Amino acid sequence: MVSAFRHKGNSNLIFGAGSAASLPELVSKEGLILILTGGHFLQSQAWTLLETGLKKAGIAYVHETISGEPSPDTVDSLVEIARGAAAVSVLAIGGGSVLDAGKAVAAMVCHEGSVIEYLEGVGTRLPGGRTLPMIAVPTTAGTGSEATKNAVISKHGDSPFKKSLRHDAFVPATAVIDPELTLGCPMNVTLACGMDALCQLIESYISTRATLFTNMLAKEGLRLFGSACELLSGEELGINEESQRGSLALAAYLSGLCLANAGLGTVHGLAGPLGAHLEIPHGLACALLAVPVFRLLVKRLSQDSNQAVLDKLAFAGAQINRGSNANPGARDVECLIDHLENWAGRLRPLVDYGLERSDINLIVSASDNKNSPVNFSYSERREFLLQLI
Ligand SMILES: [Fe+2]
């Protein structure tokens, strides 16, 4: 029997190399648009094309850049700019932070007060679901934010947090996924974001809330990831790069659909508070945490004889390891962990971000296992972080 599920997705999904060229046709012609991008995007050919296209079509816009993860202050000041310019829609082009900022600004233009008042676990108000129409255009293949209904807002310093503004209506109305936009992505960003997408696919696949629908999406996402994971090796791929960028971009989108519907696990349950405490990119936090978390997960699943979940991990490993669905087994689970170790070993270590032993209890206290099939204790979660310093 197929168990019940609900799904809230983009109304309009456009995928394909070169699809960003359609943005001037897609944006609202009814009034001014607020465009949010990262700083690097201004040097790209895609930005030149977009600017030319908007000017040619006579579309008015205000452009703002975002650096780092959006804070409540950043969102509030962008909302003021959007209101002052009477923006009628938002176009966000960038990594997960830019897309999350876009979602939050589009929503908060239609809500009173500061975004902090509406954040889960922080504020006391519930968002009503009103939002400006938004187009999300990812330039990294990782978070899948273009598919999800939440915007992650971070506050660092005193009383740090990383919390979501969430409502079904905040799924971006339109997502334009153009893998060509990820072609210039630096190697360390491709690697960390790709590992974030992989963690999202695996954690939602083995989640206690997984459904037939999310399992189908996760399996296809893992197949696509397996066919694109040479990108994470950093080697020159020549003409193969384009097709692998396409596979990774779609894998990341599917990971967003999966996490929005099935939830995540301990890697993300720790990455949130870790990212609130240290200014560490989300993808990097997930990539580094994946190694100790998945290693102990496999051990505990074996002790509990949880073959159903081990089989799912074997499937994931087989896609990466052999690009094959044929007879996944224990060796594929080991290879999955080996690949995670290999990739994480090429990234900046956690100590570079200043994590100290004295910080760990605070981070672990704010962490959880989300929907992991194994309920790791406080001391086990503490140990995951200790292994990284
Ligand atoms: Fe993530």
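Scoring rules and cut-offs
Residues numbered from 1 in each chain as written. Predicted model: local features only at pLDDT ≥ 70, side-chain atom pairs only at ≥ 80, totals over all residues. Helix = DSSP H or I, 4+ residues; strand = E, 2+ residues; numbered from the N terminus. Rg over C-alpha atoms; globule rule 2.2 N^0.38 Å. Buried ≥ 20, exposed ≤ 12 C-beta atoms within 10 Å, placed from the backbone. Contact = placed C-beta atoms within 7 Å. Pairing = 2+ DSSP bridges. Axes fitted to C-alpha atoms, helices over the stretch in contact; angles between N-to-C directions. Domains from an automatic or database assignment. Nonpolar A, V, L, I, M, F, W, Y, C, P; charged D, E, K, R; others polar. Expected span 1.5 Å × (residues − 1). Arc of directions from axis to C-beta. Parallel < 35°, antiparallel > 145°, perpendicular 65-115°, else oblique. Left-handed = near helix turned anticlockwise from the far one by under 90°. Core = buried A, V, L, I, M, F, W, Y, C linked by C-beta atoms within 7 Å.

This part is about the overall build of the protein. For the protein, the helix and strand inventory stands at 13 helices and 8 strands. Relative to the 2.2 N^0.38 estimate, which gives 21 Å for 389 residues, the radius of gyration of the protein is 20 Å and therefore close to what a compact globule would have. Out of the 389 residues in the protein, the part that is buried amounts to 52%. A separation of at least 24 residues holds for 78% of the contacts in the protein among residues at least 6 apart in sequence.

Looking now at the sheet that holds strand β8 (residues 174–177). Spatially, 6 strands are ordered β1-β8-β5-β4-β2-β3 in an open sheet, and the strand pairing comes out parallel. The outermost strands of the open sheet, each flanked by one partner alone, are β1 (12–15) and β3 (61–66). Taken over all neighbouring pairs, the strand axes of this sheet differ in orientation by 15° on average, direction set aside. Here strand β2 (residues 33–38) pairs with strand β4 (residues 89–94) via 5 bridges, running parallel. Among the inter-strand pairings, L36 is bridged to a residue of β4, identified as A92.

The topology assignment puts H339 in helix α11 (residues 330–344). Along the sequence, H339 and N371 sit 32 residues apart, while their C-alpha atoms lie 24 Å from each other.

For the rest of this paragraph, the subject is the domain arrangement of the protein. What the domain assignment reports for the protein is domain 1 (12–181) and domain 2 (187–386). A C-alpha centroid distance of 26 Å is found between domain 1 and domain 2. On the side of domain 2, 27 residues touch domain 1, which itself brings 20 residues to the contact. Classifying every residue of the side of domain 1 that touches domain 2 gives 8 nonpolar, 9 polar and 3 charged.

Attention shifts here to the pairing of β8. Working note: regular strand, side chains alternate between the two faces of the sheet. Alternating positions in β8 separate into two faces, T174 and V176 on one and A175 and I177 on the other, with burial throughout. Of the strand pairs in this sheet, strand β5 (residues 134–138) and β8 are connected by 2 bridges, and their pairing is parallel. Paired with I135 across the bridge in β8 is T174.

A separate point is helix α3 (residues 72–84). Across its 13 residues, α3 extends 18 Å between first and last C-alpha, which sits within 8% of the 18 Å expected from 1.5 Å per residue. Of the positions making up α3, those classed as buried are P72, T74, V75, L78, V79 and A82. The arc enclosing the buried residues of α3, seen along the axis, measures out at 155°, which places them on a common side. A86 sits one or two residues past α3 and shows a positive phi near 55°.

The next point concerns the packing of helix α9 (residues 282–303) against α11. Two elements in contact, α9 and α11, have axes separated by 8 Å at closest approach and are oriented at 155°. Accordingly, the angle class assigned to the pair α9 and α11 is roughly antiparallel. The two elements α9 and α11 cross, and the hand of that crossing is left-handed. Every residue of α11 that contacts α9 at A287, L288, A290, V291, F294, R295 and V298 is listed here: V333, I337, L340, E341, W343 and A344.

So, on to the environment of Q387. Counting through the fold element by element, Q387 comes out in the segment after α13 (378–386). According to the C-beta neighbour criterion, Q387 is partly exposed, with 15 such atoms within 10 Å. A sequence separation of 353 residues divides Q387 from L34, and the C-alpha atoms of the two residues are 44 Å apart.

For the pair α3 and helix α4 (residues 96–108), interaxial distance at closest approach is 9 Å and the crossing angle is 55°. With respect to α4, the element α3 is oriented oblique. Where α3 crosses over α4, the two elements pack in a sense that is right-handed. Between α3 and α4, the contacting residues are T74, V75, L78, V79 and A82 on the first element and A101, A104, V105 and M108 on the second. The class makeup of the residues in the contact of α3 with α4 is 8 nonpolar, 1 polar and no charged.

On to the environment of S22. Inspection of the secondary structure puts S22 in the loop between β1 and α1 (23–26). Judged by the 14 C-beta atoms lying within 10 Å of it, S22 falls in the partly exposed class.

So, about the nonpolar core. If you look at the biggest cluster of nonpolar residues, it comprises 122 residues, and the most contacted ones within it are V90, A92, V105 and A290. Counting only domains with at least three residues in this core, you end up with domain 1 (12–181) and domain 2 (187–386). Ignoring any residue separated from it by four or fewer positions in sequence, one finds A290 in contact with M195, C199, V267, L340 and A344.

This brings us to the pairing of β4. For β4, the tally of buried residues reaches 6 of 6 residues, placing the bulk of the element in the interior. Covered by surrounding structure in β4 are S89, L91 and I93 together with V90, A92 and G94, the residues of both alternating faces. Across 5 bridges, the pairing between β4 and β5 is parallel. Counterpart to V90 in the pairing with β5 is M134.

What follows covers α11. Compared with the 21 Å implied by 1.5 Å per residue over 15 residues, the 22 Å span of α11 between its first and last C-alpha is a close match. Every buried residue of α11 is accounted for by D332, V333, L336, L340, W343 and A344. Burial along α11 is one-sided: seen end-on, the buried residues are contained in an arc of 110°.

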